[in-house]
Amino acid sequence: MSNKYKVRAYCSSRVCEYVHKEDVMIAINYETAYSLAQVYNEFESKPSCPSCGEAMAFYAHSVIEEPWLT
Ligand SMILES: [Zn+2]
């Protein structure tokens, strides 16, 4: 069993729950995913939410592979 570490984008507005469906980046470990998310969050021009227009934010998360599903 192996874990995947991913960076995802979500809306930074508290009243909007938009999360980008596709992963922004897949990383080899959580530290890498976390630091990449921080780099993305420091970009001057962030993508805007297609739902409400607020800036998107990035976060790292891990996905546990479930072998019985593949
Ligand atoms: Zn939004």
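Looking at an unreviewed UniProt entry, the protein chain carries the name CxxH/CxxC protein, with the source organism given as Paenibacillus allorhizoplanae.

Turning our attention to the environment of Tyr-30. With respect to the helices and strands, the residue Tyr-30 is situated in helix 1 (residues 30–41). With 14 C-beta atoms packed within 10 Å, Tyr-30 lands in the partly exposed category. Taking C-alpha positions, Tyr-30 is 25 Å from Arg-14, a pair spaced 16 residues apart along the chain. In this structure Tyr-30 touches Tyr-5, Ala-60 and Ser-62, once residues within four positions along its chain are discounted.

Cut-off values and rules
Residues numbered from 1 in each chain as written. Predicted model: local features only at pLDDT ≥ 70, side-chain atom pairs only at ≥ 80, totals over all residues. Helix = DSSP H or I, 4+ residues; strand = E, 2+ residues; numbered from the N terminus. Buried ≥ 20, exposed ≤ 12 C-beta atoms within 10 Å, placed from the backbone. Contact = placed C-beta atoms within 7 Å.

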